[in-house]
Amino acid sequence: MMTMIILFMIASILFAYVLSLKEPKWGAYATLIVSLAGLVGVSLLRGSVGETVSFYYLHFTVTTIGWYFSMILLTVYFTATFFHPFWMDQLIYPAAYNALFLLSLAGTVGLFFAQDLMTLFICWETAVWSSMLIVQQGKSRQAAWVYFVMSAIGSMATLFAILLTIFMSGTTMITDAFIYFMGSPALGGLVFGAFILSGLTKMGIFPFHVWLPLAHGSAPHTFSPVLSGGLVKMGAYIAYLSVAVFPAYQVFGDQLMLQGVPLPIYALMLLGGVSIVYGTLRAIQQDDAKRLLAYSSVANGGYILIGILMLDQMAFAGGLMHVLNHAVASAAAFLAMAAVAKRTGTTKMSELGGMIHRMPVTYVVYLIAIISMAGIPPMGGFVSKWLIFQGLSHRGLIFLATAAAFGSIGSYLYVFRPLSAVFLGQLAPKYEKIKEADPLMLIGMLLLTAMSLLLGIVPNVVLRTIAQIQIELGIDPIMIKGTITATQNGSVNMLSVFTVFGFGFLLILILFLVLPKSRRVGLMDTYTSAEFIHTPELLHYGHHFYAPFERLYEKWPSVLPLYQRLSLKLKEMGEWAETFFFHAEPNRAVFWMVLLVILITVGGAR
Amino acid sequence: MKKLVSLFLILVLAFFLTTALDQGLDFWHSPSQLDAFRMSNAFVQNDVLGEGGALVFGESKNLESGSANIVTSIVVDYRSFDTLGEITVLFLSALGVGLLMGSGVRTTLRSGFILKTAAKMVAPLMLLTGIYIFTHGHLTPGGGFPGGSMMATAFLLHYFGSDTVKSNLKPLKWIESTAGALYILLGLAGLFVAGSFLQNFLPTGTLGHLVSAGIIPLVYVLVGLKVGSEVSGIVADFSKTEVVS
Amino acid sequence: MMGSIIWLIALPLLAAFVSVVAQTYQYGLLVVTLLMNLLVLFAAPQGLTIIGGYEPPFGISLLFDQYALIALLLIQVLLLLIIVLARPLAKNYTPVILVMLAGLNGMLLTNDLFNLFVMIEIVSIAAFILSTANGKLTHTFHYLILATVSGVFFLLGTVLVYAYTGILVVQGLMMRLASLPVALSLIPMMLLIFGMAVELKLVPVSSWAKNIYGQANLLTGPIFAAVLAPAFGFVFGRMMNEVIVLHSLTGYTLLVMAISTFVLGELAAYRQTDLLKTLAFSSIGQSGLAVMMFTLGAPWAGILLLINNALAKSILYGVATGVTAAYGNASMGVLKGVFYHHRLLGVAFSLASLSLVGIPLFLGFFAKVSAVMAIFSTGLIWVPVIILLTAIVEGAYVMRWLLQLWSPAFEGYLASKKELPQKRNVFSAQQILVVGVLAVILFTMGLMPQRFVDALQKTQPAMAQYEMVGQGEQQ
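Each value, and the rule that gives it
- Every chain's residues receive numbers from 1 upward, in the order its sequence appears when written.
- Throughout, the order in which chains and ligands are written sets their labels, letters from A for the former and numbers from 1 for the latter.
- Only residues with pLDDT of 70 or above have their local features reported here, since the model is predicted, and side-chain atom pairs are shown and tallied only from 80 upward, although totals for entire chains, interfaces and linings are computed over all residues.
- Calculated side-chain values reflect all of the structure's heavy atoms, with hydrogen atoms and water omitted.
- Grid points spaced at 1 Å over the protein atoms alone were grouped into cavities, where a 1.4 Å probe fits but cannot get out, and pockets, open sets with protein on both sides within 12 Å along at least five of seven lines, with lining residues defined by an atom within 4 Å of a point.
- Grid points are joined across faces, edges and corners, and a volume is the space filled by probe spheres set on the points.
- Working definition: helices are DSSP H or I runs of at least four residues, strands are E runs of at least two. Numbering for both runs from the N terminus.
- The classification of residues rests on relative accessible area computed with a 1.4 Å probe and restricted to protein chains. Under 20% of the type maximum is buried, over 50% is exposed, and intermediate values are partly exposed.
- At least two bridges found by DSSP between two strands are what make those strands a pair.
- Convention adopted: a line fitted to C-alpha atoms gives each axis, helices being fitted over their contacting stretch, and angles between N-to-C directions are expressed from 0 to 180 degrees.
- Residue contacts follow a heavy-atom distance rule, with two residues in contact if any of their heavy atoms lie within 4.5 Å.
- Buried area is understood as the total, over both parts, of accessible area removed when two parts are fitted together, assessed with a 1.4 Å probe.
- When a carboxyl oxygen of Asp or Glu is within 4 Å of a side-chain nitrogen of Lys or Arg, the pair counts as a salt bridge.
- Throughout this description, a polar contact denotes any pair of N or O atoms lying within 3.5 Å of each other; where both atoms belong to protein, one of them has to be capable of donating a hydrogen while the other can accept it, and for residues adjacent in sequence the pair is counted only when both atoms sit in side chains.
- Residues were grouped as follows: Ala, Val, Leu, Ile, Met, Phe, Trp, Tyr, Cys and Pro as nonpolar; Asp, Glu, Lys and Arg as charged; and all remaining residues, including Gly, as polar.
- Residues form patches when they are more than 30% accessible in relative terms and have no salt bridge. Like charges link within 9 Å. Nonpolar side chains (Val, Leu, Ile, Met, Phe, Trp, Tyr) link within 5 Å.
- Only the protein chains shown count as covering a residue, and every accessible area follows the Shrake-Rupley method with a 1.4 Å probe.

Novice: Is there a simple way to explain empty space enclosed by the protein in this structure?
Specialist: Gaps left between atoms show up when a probe the size of a water molecule is rolled over them. All names here are of chain C. All chains considered together, the criterion is met by eleven cavities of 30 Å³ or more. What the largest cavity holds in volume is close to 140 Å³. Taken together, 17 residues make up the lining of the largest cavity; nearest its centre are A229, Q286, S287, L306 and N309. Looking at the lining of the largest cavity, the elements with two or more residues in it are α9 (182–200), α11 (220–242), α13 (275–295) and α14 (299–327).

Encoded structure:
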């Protein structure tokens, strides 16, 4: 089965490329069919945990966690492909887009099923460079470059850790190799820190988050959902590996403990907390909807990191589940924005407004997505955030719990902004004639919406898999019984929660239908009755939506300039080297040569 | 100041190098007082293959190298491959000069009466001496390189001494090419006849006779011709001027 | 007889001498010679070949082993493809290229230190002459001065080695030298190292490469970066393996030189806005990395790096000089988006640059991994850190170029066909085919790295006496 999937993937990449050369649209449909086939194929692997397959120098094995992550990624990739046929004409290299899209898909799936460390790294890097080449087809080359460089910082650190591990332990198997560091906390700490770095950069944890708004914001609209919903989750898998497979809690067992968490892990969790707060605050400020969602990914990455690093009954399960919830919600939100951008040509919130009148289904998709993202019941996001809270408060990690709470409340602020600025309010006159998104696009989006809802109603479907992962790791599994999800602190029955919310929704719907309709006031229907309005968008209430916040942020320091300064410093060093060591005049070189020989002769004679 | 520092550095380097050399090489004793097992003794005794026998001028026969001139037997027999390399270096230099200057315009020099007359008389003599030197390379000091250079000097003199030098240098090229090719073919003949490249496959005759030492005289004739024609070519090329960036 | 390895040197030399008078057939002669050389490579038995009938140490001999085979194969194949790629230019320099080929083969085969010097001189002079094809004689002159000085150093080193040991045979010379007192063997070792440092582009003496590589044309660029650079690398590897004894002083000096070459070269490349200059500094940096591997006693990693760099650079320089010549300038602004018009060249270029940086699925990755693994076994854990940090810088500038060359769009906008540069003719179909062949070779090698690395690890010559830094003194 595995072999078939791998061969199918390779063949389909070539096939999609050749087909796209002929006619880009066909290639786009090919990506849809291939990712669906991949989804079905991988879902069939559920029963064959433990099966291994070697392909050249790559070794794969089926694990429960790998299966879980692959399913998430494939879902996101699959739903994004519904948009492909409509975007081919915007791309300058459509054939390359389709082929690289499938290559990055293959890379990510390979990563989750990797049996040895080399395979892990090879798949990781393949996914990175192929997605980088996709991002460059969007609005910005700079963004693709920053994405690559930030990823390279992480992956080089991980490569160092991997090679050191292989060298020290003498084995490349992921499950065996890290055991070597049990007895050596210093070396183990080095490897742990270097290994997890690629996860941190990929998830956009605080000092490495700079690439997310750039890359998510300017990638092709069809690829932003995959970046945020899919590729960022590769980082979560690395985080999982470095805490669950790398025996981090045992290696750091004699370190300073903070509420039962060793200091190095606690430090990383704090970074996660910082990401939550920072991402939330920055997201509120953004005017571009995609950049806003990118910063929300930073914040959610923080939740996932904290959850996974806890490695306990509740928060760990919450973290893993949040990977899925955020993937689904974020992909849906990005896709909704892509649909809007397809019709209007922009994702800037200040230029939009009132889309609900023209694209109601897209509106619903976005609404459900942000409810899940903000962690409001009855959507999936609530369950996972609730579990993370449970875990944090059970351990008494007060700072992190505060950060998580802050992020939850802050997220209402930022997810509401696109809702009001893009979808609600009055419709700008130039958008009077636009239509709802194409049915094919709607199918993709509605699939994600349905998933968000289902995850909220019956989270135990997923939690069962997570419980099995926990059992395999030897930690207490999350308790599930029927529709009840239970922890040591309490339990929740999401079905009844949904029922309550459903009744509330029905009540309001009835009231809405029964009560007299409000009069629709157009954007141009203003007091400036006789004057001609040149800039109608300024009249929309979403314009300068959070003006006070924006003023507040004006003087805030940003992280990006630090990296720019570093780059400049490197260039200065290069210039110095060029003038000092690579000077064109040969007499300097001759001088050095003579001097060095003399010095060494003197040094040796001594 | 810069120059003083450079001078100082060069002097220091020279000091170290001479000291280092002094520790390795013995300049102060005659060969007979040196270690009998040194490798160079075998060269001096013309006895690398270990067949033994005393070395007597005019009498010893069928020696492995057969040249009365030790330097020659090293340069053209024991380490003949290096010589092939050296003529290649010269060949390359000539090529380089040709490529850089070859397309330029020839300048004509006005020469005086004395030079013209002297050139007519001296140049053939110099040519003859050159030929003598490289044909006797295996017997007397000298050989292909000095002989060839001498021939080139004759050419230079002739060049200065006549107003109308034919611009056709084709024969020079032909000599150069043929001599070089023949050297390699000679080497390959050694490969086919005796088993290794550049091996001395002809009988070496009696030590000190003109016809002796196997292929050594042949090689030296070829080297002489090649060097002579090449250096002449360089001289001819250098007389051209070209404006280069 | 017909299968003797000596043909590799005799044949090009013969062809060179003949080609001076047979100018119409020059180019054909060159191609035929290279093809014949490939035949000889496969027919010739491995082992020692004596020249002139005298066994070493008295005569000169050629050593043809697995190591030499790999190097020779790489060089014949690359040179053949390059002269086809740069046919119009190569025609003017055929005799020089033929002599250079003889010199390169001699350099890689010879088993005699003085003969090595002669061969290095031949190759260097040929390189001087070739570099005049760039049309910048000042740069050639600078190169000439540096290389000549280093040649003198090499010769002095050879003289001292002969003075101390009495032999010149390369094979096993290290054993004799190691038995000398440290103070004595230090000087010739340093002289030999500096004798090669100029051609290896090591840091204090690598300034020539900036201009020679940075102003290269379709002929000189690939030849310098993909033929001469690996050839000298291979020779250095042989020297490190058989001749040079490293003491802690020389060892650390060489290591520091190699590391600073790598780091400073890549840093200088990072700031360039000219494609050819970027590639020039990248070549300097990569050379430092390979030297580092040979210094640390990991020849197979060094070989892998050399092969990867040679193949990648042949493509990169071929394409870069081609588009530079067609579009008039190698600056980022001019070349922006050119690959839209030249897709196949673009794909080959991208493949080569990904391999150069050491991105997985390509040969460069396996080269980098074996390099880092080899260094771990020496215990110098901070060296891989430097290598990987520098690899980030390297990846950054290579990717920046890749993105710019592919996308004609202005920053902040989607790419549209309006901004495309005027299409110019870069390569003929035949030349594109050559670039394609190079790319396929590079890609296929990346597909079967394990078999490849295994084969390389077997190439350790009979005298496997690797000297780690600092261990030389104990002998």
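Okay, back to it.
Novice: Before we go on, may I ask you to explain the pairing of strand β2 (residues 61–64) of chain C in this structure?
Specialist: On a regular strand, each side chain points to the face opposite its neighbour's, so the side chains alternate between the two faces of the sheet. All names here are of chain C. With burial as the criterion, each face of β2 is covered, one bearing S61 and L63 and the other bearing L62 and F64. Two strands pair when backbone bridges link them, and strand β1 (residues 47–50) and β2 are joined in this way by four bridges, in the antiparallel orientation. In the strand pairing of β2, T49 is matched with L62.

Novice: Explanation requested: the sheet that holds strand β5 (residues 479–481) of chain A in the structure shown.
Specialist: Neighbouring strands of a sheet are bound in pairs by backbone hydrogen bonds; such pairs are parallel or else antiparallel. Residues and elements named next belong to chain A. Reading across the sheet, the three strands line up as β5-β6-β7 and stay open at both edges, with antiparallel pairing between neighbours. Strands with a single pairing partner mark the edges of an open sheet, and in this sheet they are β5 and β7 (491–493). Averaged over all neighbouring strand pairs, the angle between strand axes comes to 15°, with direction disregarded.

Novice: Please explain the interface of chain B and chain C as it appears in this structure.
Specialist: It is common to give the size of an interface as the accessible area that goes away when the parts come together. Taken residue by residue, the interface counts 50 residues in chain B and 55 residues in chain C. When chain B packs against chain C, the two sides together hide about 4600 Å² of surface, and 79% of this comes from carbon and sulfur. When residues of chain B are sorted by the area they lose upon contact with chain C, M39(B), F81(B) and L92(B) head the list and together hold 15% of the total. Applying the counting rule to chain B against chain C returns one salt bridge. One salt bridge in this structure joins R79(B) and D112(C), with 2.5 Å as the shortest N-O distance. Along the contact surface separating chain B from chain C lie eight residue pairs in polar contact (both at pLDDT 80 or more). Every element with two or more residues in the side of chain B that touches chain C is listed here: α1 (2–24), α2 (39–44), α3 (70–78), α4 (80–101) and α7 (170–193) of chain B. It is α4(B) that contributes the most residues to the side of chain B that touches chain C, 14 residues altogether. Its residues placed into classes, the side of chain B that touches chain C shows 30 nonpolar, 13 polar and seven charged.

Novice: Explain the environment of V118(C) to me, please; I cannot follow it from the model alone.
Specialist: Along the chain, V118(C) falls in helix α6 (residues 113–131). When the C-alpha atoms of V118(C) and L41(C) are compared, they prove to be 22 Å apart, with 77 residues separating the residues in sequence. Apart from residues no more than four positions distant in its own chain, V118(C) is found in contact with D82(B), G85(B) and E86(B).

Novice: What should I look at first to understand a nonpolar patch on the surface in this one?
Specialist: Where nonpolar side chains cluster on the molecular surface, the patch consists of F503(A), F505(A), L506(A), L509(A), I510(A), F512(A), L513(A) and V514(A) and spans about 880 Å² of accessible area. Along the polypeptide, V514(A) turns up in helix α20 (residues 494–514).

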